Amino acid sequence: MSTATLTIDLDAIVANWRALDAMNTSETAAVVKADAYGLGAARVAPTLARAGARHFFVAVAEEGAPLREMLGAVPAIYVFSGHMPGDAEMLRAHKLIPMINSLDQMIRHAEALPGHPFGIQLDSGMNRLGMEPAEWAALRQIALAQNPTLIMSHLACADEPDHAMNPQQLATFREMTDGLDVPRSFANTGGILLDAAYHFDLARPGIGVYGGRPFDAAHPVVTLDIPVIQCRDLLPGETVGYANSFTATRPTRIATVAAGYADGILRAMGPKTSLWADDTPCPIAGRISMDLICVDITDLGHDPASLQLIGPHQTIDTLADNAGTIGYEILTSLGARYTRRYIGG
Ligand SMILES: *Cc1c(COP(=O)(O)O)cnc(C)c1O
């Protein structure tokens, strides 16, 4: 078997959710959009429901429909993108709660699904989704008369605790919602870590549950082991891979492993990244190919059966730093070819 093995620790996911829930002064939801950040909503969401999560968030209605089948009738499932044209039947059949983002969506929802639960998404400064203060001021009486079950907004800079945007968005959100008799949701992972003032009634962590920054105390969730297909010796002066970008400066042993950028191992991380043989780092030699990576195992002293890219020695955030991106992108890029193994749960 030459596919790499992605191991996903469901117990670590539960421990992370519980730790965030313990820090959060209100109720804690789970964000499972993008197939639970690439880790598999079919396994992750029911595990979190068993651990006590009663509220789940997805990006689009199409993600909510299968989630309803996985979770059964009871948990609340909210859709960030709200009520889009053609969504009504899916929202109704699967009892999904759209977070209404605009007057257009409000009208569409009231016409297509009168009486069907909905929430309101407000823009407190990120300028991505939700009603702006003026739009909300014009619409709020009509919207509130139809009994929204949740009002939410989203922080743009929550992973930077000292950023002035955080208190500014908090003030805007409070101006727009103080005194209303509707539960409120504001904090993502970073927002939970900021301060209790950001917690309101329901927090919405995602990345921290899956072991990423800014939740520094998170248990690592993902391990990626890649089998070695072939090993070879190089003489000084020989080169490795596309564009000859690695040249041996000493007698060198190269291992070729069976994964590449088509599996979400971003090419940009190559120059700064090693794969690990137990406790020994083995640097990537030359460019990451589509399905293969060459690794300098000279200092290892033996030919390993496999090498580890993600694990205790190298987190998703280290890889993100090496590639100039964020842990979220590393997780959601994880490839479809991996053999996925779930432990715990
Ligand atoms: C993705 C997302 C979250 C979760 O954010 P994390 O930073 O992963 O905790 C919460 N709310 C909204 C609106 C989101 O889009």
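Residues numbered from 1 in each chain as written. Predicted model: local features only at pLDDT ≥ 70, side-chain atom pairs only at ≥ 80, totals over all residues. Heavy atoms only, no water.

**Considerations on the UniProt feature "binding site: substrate" (unreviewed entry) in the protein chain**
In the numbering adopted here, UniProt assigns the feature "binding site: substrate" (unreviewed entry) to Arg128 and Met290. Across 163 residues in sequence, these annotated residues place their C-alpha atoms as far as 33.6 Å from one another, rather than forming a single compact spot. As for the largest cavity, its lining draws on Arg128 from among the annotated residues. The residue Arg128 is located in the loop between strand E7 (119-121) and helix H7 (133-145) in this model. The residues contacting Arg128, other than those within four sequence positions of it, are Asp123 and His154. Within the element layout of this structure, Met290 appears in the loop between strand E16 (280-283) and strand E17 (293-296). With residues near it in sequence (within four places) discarded, Met290 still touches Gly260, Tyr261, Ala262, Asp263 and Arg337. (UniProt positions renumbered as here; feature names shortened; annotations may be inferred. 1 Å grid on protein atoms, 1.4 Å probe; cavity = no way out; pocket = protein on both sides within 12 Å on 5 of 7 lines; lining within 4 Å. Helix = DSSP H or I, 4+ residues; strand = E, 2+ residues; numbered from the N terminus. Contact = heavy atoms within 4.5 Å.)

**Remarks on the layout of surface pockets**
The computed volume of the largest pocket comes to approximately 600 Å³. Lys33, Tyr37, His154, Asn188 and Tyr328 are, among the 30 residues lining the largest pocket, the residues nearest its centre. For the lining of the largest pocket, the secondary structure elements donating two or more residues are helix H2 (33-37), helix H9 (189-194) and helix H11 (327-332). Its residues assigned to classes, the lining of the largest pocket comprises 16 nonpolar, eight polar and six charged. (Points joined across faces, edges and corners; volume = space filled by probe spheres on them. Nonpolar A, V, L, I, M, F, W, Y, C, P; charged D, E, K, R; others polar.)

**Quick look at the pairing of E16**
Looking at chain direction, strand E15 (residues 274-277) and E16 are connected through four bridges and run antiparallel. Within E16, the residue paired with Leu275 across the bridge is Cys282. Hairpin connection between E15 and E16: a loop of two residues separates the two successive antiparallel strands, and Asp278 in this loop has a positive phi of roughly 50°. (Pairing = 2+ DSSP bridges.)

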